[in-house]
Amino acid sequence: MKTRFAPSLTGYLHQGHLVNAIWTWGLAQAMGGEVIIRVEDHDQSRARPEFLEALEKDLQWLGFWDLASEIQVQSQRNHFYQEAFEALQEDVYPCQCSRKDIQLFLEKHPEESSDTELRYPNLCRDNHNPLEKKETAYRLRLPHGERTFNDLILGPQSQNPWEQCGDFILKDKQGHWSYQFACVVDDFESGITNVIRGTDLLESTGRQLFLHEKLGNANPPIFAHHHLLKDSSGRKLSKRQKDFAIAQWREEGKDPKLVLGEIAFGMGLIPSKDAVDPASLGEFFTSYKP
Ligand SMILES: [Zn+2]
């Protein structure tokens, strides 16, 4: 069993990340597996060096850094993405549509839109003579149909990427790899057997499974989507709570084990806010023992 903790480098580590860290290391320990830390900085327009510095300090302070079997940084892995992108050439096409173009089209053709996200109505799919333009994104041709998978936590799931998102972007107009693409290439290349993440990413799974298949991964990961942290009144974490950086607790000199205890309490894993050791998280997840 091999999994990963993969925070995106678009901000500071917050309480929601710790929920995911507890699930990730907890399941890995219960299942006798290993965890790699993957810094998701594929979007170089949003990643900043100060975020990376803080992330490393936070994870060292909490004890997760030393528990990881490997540290990966996406911006150092460009060759893997490039290689995979070339392997997909037959199913990739250039697209120069702007967000505005897509919105205008969907206003006129509401039957092409999706309830959950801005669906790309595959406008450039059959354009065999794209204009010579610098700013071109590249999209992957999706097939019609449902993708099913058995979520380790949520049970059987069925998704239809064609209806949800349409042909999705592998590389954007600025030349950045998309989240979906970089994530799948990394999971495949690293031999990840289990992906453990919040339900906010559940909708991505069908399209990621399709990408695994396209890349020739005969053993795609098993997915586990956990619930997100709720506040004391049972509501989803507010913007303010999400923006609260773990670094603040570190700088205040708080005991990191008590920080983990507070989050574990919020997740309903322990009856009171006691100290929690990152190396003993497996005990909360024994029901997932293989
Ligand atoms: Zn287009």
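It should be emphasised that the depicted structure is a prediction, and the values quoted were computed from it without experimental measurement.

J.: Quick question: what am I supposed to make of the overall build of the chain here?
T.: Within the chain one finds ten helices and ten strands. For a compact globule of 290 residues, the expected C-alpha radius of gyration is about 19 Å, and the chain comes in at 20 Å, within 12% of that figure. A buried classification covers 32% of the 290 residues belonging to the chain. The contacts in the chain between residues at least 6 apart in sequence include a share of 77% that link residues at least 24 apart.

J.: Could you clarify how one ought to interpret the pairing of strand S3 (residues 70-73) in this entry?
T.: Along any regular strand, the residues point their side chains to alternate faces of the sheet. With four bridges joining them, strand S2 (residues 34-39) and S3 adopt parallel strand pairing. If you follow Ile-36 over to S3, its bridge partner there is Glu-70. Taking the sense of rotation as the criterion, the β-α-β connection linking S2, helix H2 (residues 49-62) and S3 turns out right-handed.

J.: It is not clear to me how the sheet that holds S3 should be interpreted in this structure. Could you clarify?
T.: Each strand in a sheet pairs with another by means of backbone hydrogen bonds, the pair being arranged parallel or else antiparallel. Ordered by their spatial adjacency, three strands build an open sheet running S1-S2-S3, and the pairing between neighbours is parallel. Each having just a single partner strand, strand S1 (2-5) and S3 make up the two edges of the open sheet. The sheet shows a mean angle of 30 degrees between the axes of neighbouring strands, taken without regard to direction. Examined bridge by bridge, S1 and S2 share four bridges and lie parallel to one another.

J.: So what exactly am I meant to see when it comes to the domain arrangement of the chain here?
T.: Interfaces are often sized by the accessible area lost when the parts come together. Segmentation of the chain into domains returns domain 1 (2-76 + 179-288) and domain 2 (84-171). Computed from C-alpha coordinates alone, the two centres of domain 1 and domain 2 are separated by 27 Å. Residue-level contacts link 16 residues of domain 1 with 19 residues of domain 2. Elements that contribute at least two residues to the side of domain 1 that touches domain 2 include exactly helix H6 (179-189), helix H7 (205-214) and strand S10 (222-226). Here the element with the most residues in the side of domain 1 that touches domain 2 is H7; it accounts for six residues. Looking at the side of domain 1 that touches domain 2 residue by residue, the classes come out as eight nonpolar, five polar and three charged.

J.: Looking at this structure, how should I read the nonpolar core?
T.: The nonpolar side chains of soluble globular proteins are, as a tendency, buried together. If you look at the biggest cluster of nonpolar residues, it comprises 34 residues, and the most contacted ones within it are Leu-18, Ile-22, Trp-25, Leu-260 and Ile-263. Residue assignment for this core shows that the elements contributing at least two residues are helix H1 (15-30), S2, H2, strand S9 (194-198) and helix H10 (256-266). No other element matches H1, which puts eight residues into this core. Among residues more than four places away in sequence, those in contact with Ile-22 are Leu-260, Ile-263, Ala-264, Met-267 and Leu-281. Within the second largest apolar cluster, 22 residues are counted, among which are Tyr-81, Ala-84, Tyr-93 and Tyr-120.

Cut-offs and rules
Residues numbered from 1 in each chain as written. Predicted model: local features only at pLDDT ≥ 70, side-chain atom pairs only at ≥ 80, totals over all residues. Helix = DSSP H or I, 4+ residues; strand = E, 2+ residues; numbered from the N terminus. Rg over C-alpha atoms; globule rule 2.2 N^0.38 Å. Buried ≥ 20, exposed ≤ 12 C-beta atoms within 10 Å, placed from the backbone. Contact = placed C-beta atoms within 7 Å. Pairing = 2+ DSSP bridges. Right-handed = clockwise from strand over helix to strand, strands pointing away. Axes fitted to C-alpha atoms, helices over the stretch in contact; angles between N-to-C directions. Domains from an automatic or database assignment. Nonpolar A, V, L, I, M, F, W, Y, C, P; charged D, E, K, R; others polar. Core = buried A, V, L, I, M, F, W, Y, C linked by C-beta atoms within 7 Å.

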